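# Summary of the model geometry
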Amino acid sequence: MLTRRDTLAIGLGVSAVAMLPVTASATPVDDAIAAFTGGADMADSGVTITAPEIAENGNTVPITIEAEGASEIMIIATGNPTPGVGRFMFGEASGSSLIATRMRLGRTQDVMAIAKLADGSYASTQVEVKVTIGGCGG
Amino acid sequence: MQHLKPAKSLALAAACMAMFTGVAFADPDPTAELVIDGELHLVTRAPSEDDITPYLPERYSGWLFRSEGTRDIQMDDFENPGLLTVDAGLAAWETAEGTAGQSCQDCHGDIEDGMAGVRAIMPHVNADGELRSMEDYVNTCRTERMGAEAWNWNGGDMIAMTAAISMQSRGMPVAVAIDGEAAPYWEQGRDLYYTRFGQLELSCASCHEESYGLNIRADHLSQGQINGFPTYRLKNARLNSIHNRFRGCIRDTRAETFSIGSDELRALELYVASRGTGLSVEGVAVRN
Amino acid sequence: MTEVRPRIRLPRRASAGDSIVVKTLINHTMESGQRRNSAGENIPRQIINRFTCEFNGVMVIDAALEPAISANPYMEFEALVDQSGDFVFNWYDDNGETYTATETFEVS
């Protein structure tokens, strides 16, 4: 049980923290993007994501990313506990900058794909995938 | 025990049909064709017979109720992850085990020959007049003839073997016997199907006969057929056995559920299998 | 862990210089490290963290994977086959094991 002394101490503590200079912290999504692009701008065309509008089950969501001429593609699940999904580097024997796979989504969220293009610039796009809670399922 | 009056049930079934075939539904497409690898056509719609499913206008495979992406995965034997487990079962078929030093193959021959049509008639009354599921037959062979340990009904080894055996009936119509010695088990299963269980007081029929085609939260209710088991469920990314699925459903009504491998679930399995008579065995299906 | 069995699918035919679709599937639970067992203990992460495909020693794709990739990871991509040769696929497990599959491909 909290005594009055405790309550006052906590109150003071909270206000003390509130007065500390606090810089805006980057979100994990921002960090993931920055790690890939180094902070560069991202064009908003040149990448296409094919994913279901409503995922049959969040545990296994088919997704295809295509970005013509890209040397590398990164997929980010902006609403997952950790946003990283995968980084795909295309080598000299690659036939196209396309990757199709299946991913886990914890809840309805935007899925983002960022492509590093041949000229070193970046492009990105995102789509919303709805993840529902099944009614039953044993 | 509650039975629905026929008139009410037919009306409800008609409502379900309308929902299912209604224009509003883009998914699922009731005209979709289940063709494996462009070659093997599976029957997903079968006529409903009065003596088994008097309240169903037609029998539908659960495949029709899933989204297009999920349906596509099942149509490709490479993309269907259930096939990975089938491979394990096929390997086990040829592996000798137990004190007799024999493999399944030593007695049954190649699985394509020895197990053709077996899944389509399961569960089945054995020579002693007892109803037995496929898992029982496998374990009887293992313990009495191979001198090997019984496999856990829901363990990886058993599921892999039932998956491999199911594939040998893929494309064949479900054809379980429900007369003669099977009749009392079938009636027991039927009674269970229509009994309301649990805090939510739901029977199998509440969802799968009266409400198929509707949504329970975000799940698209099917008729609860088992012709596609063992089934690869996206939900847990592995194959699931029939009894495991029954248990889960009953548990979701907030009921104390029957055990895997219990007589009640065997009887229910026989009855539910008979409700799918005419649908094709789907080997390992892909569902939610 | 149960035996790991990779599967590869390549087209039946292609001409030299074609871009062909390569599909791969491998059984692996891709344990994310976020689940708990029935005793409430955290199940440690164990995933395939990297997947590579080479054709005649030249890289086709090099993928770094995270726990958000679904169990039984499926990868589909395209490879340029300028001549006949060998595909080598490697899946790298967190536990240090590497699973390898090879496929020969003939161009017509």
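Everything quoted here is computed from the prediction, not taken from an experiment.

About the criteria used
- Residues numbered from 1 in each chain as written.
- Chains lettered and ligands numbered in written order.
- Predicted model: local features only at pLDDT ≥ 70, side-chain atom pairs only at ≥ 80, totals over all residues.
- Heavy atoms only, no water.
- Pairing = 2+ DSSP bridges.
- Helix = DSSP H or I, 4+ residues; strand = E, 2+ residues; numbered from the N terminus.
- Axes fitted to C-alpha atoms, helices over the stretch in contact; angles between N-to-C directions.
- Contact = heavy atoms within 4.5 Å.
- Salt bridge = Lys/Arg side-chain N within 4 Å of Asp/Glu carboxyl O.
- Polar contact = N/O pair within 3.5 Å; in protein donor to acceptor, adjacent residues only side chain to side chain.
- Nonpolar A, V, L, I, M, F, W, Y, C, P; charged D, E, K, R; others polar.
- pLDDT = per-residue confidence, 0-100.

Our focus in this paragraph is the sheet that holds strand β2 (residues 48-50) of chain A. Pairing is antiparallel across the open sheet formed by 6 strands, whose spatial order is β2(A)-β4(A)-β7(A)-β5(C)-β2(C)-β1(C). The strands lining the two open edges of the sheet, one partner per strand, are β2 of chain A together with β1 (6-9) of chain C. Taking the axes of each pair of neighbouring strands and ignoring which way they run, one obtains an average angle of 20° across the sheet.

Contact with chain A, which involves 12 residues of that partner, is made by 21 residues of chain B. Our count for the contact surface shared by chain A and chain B stands at 2 salt bridges. At the boundary of chain A with chain B, the tally comes to 8 residue pairs in polar contact (both at pLDDT 80 or more). In the side of chain A that touches chain B, the residues fall into 2 nonpolar, 8 polar and 2 charged.

This part covers the confidence of the model for chain C. Summary statistics for chain C give a mean pLDDT of 95 and a share of 99% for residues scoring 70 or more. In the model output, the complex is listed with pTM 0.87 alongside ipTM 0.94.

Okay, unusual backbone geometry next. In this model, Met-122 of chain B is joined to Pro-123 of chain B through a cis peptide bond whose omega is 0°. Counting through the fold element by element, Pro-123 of chain B comes out in the loop between α5 (111-114) and β5 (124-125). Note the cis peptide between Phe-229 of chain B and Pro-230 of chain B, where omega equals -5°. Along the chain, Pro-230 of chain B turns up in the loop between β8 (219-220) and β9 (231-233). Of note, the phi angle at Asp-37 of chain B is positive, near 50°, even though the residue is not glycine. Structurally, Asp-37 of chain B is set in the loop between β1 (34-36) and β2 (40-42). Located in the positive-phi region is Met-30 of chain C, a residue other than glycine, with phi close to 45°. By secondary structure assignment, the location of Met-30 of chain C is in the loop between β2 (18-26) and β3 (48-55).

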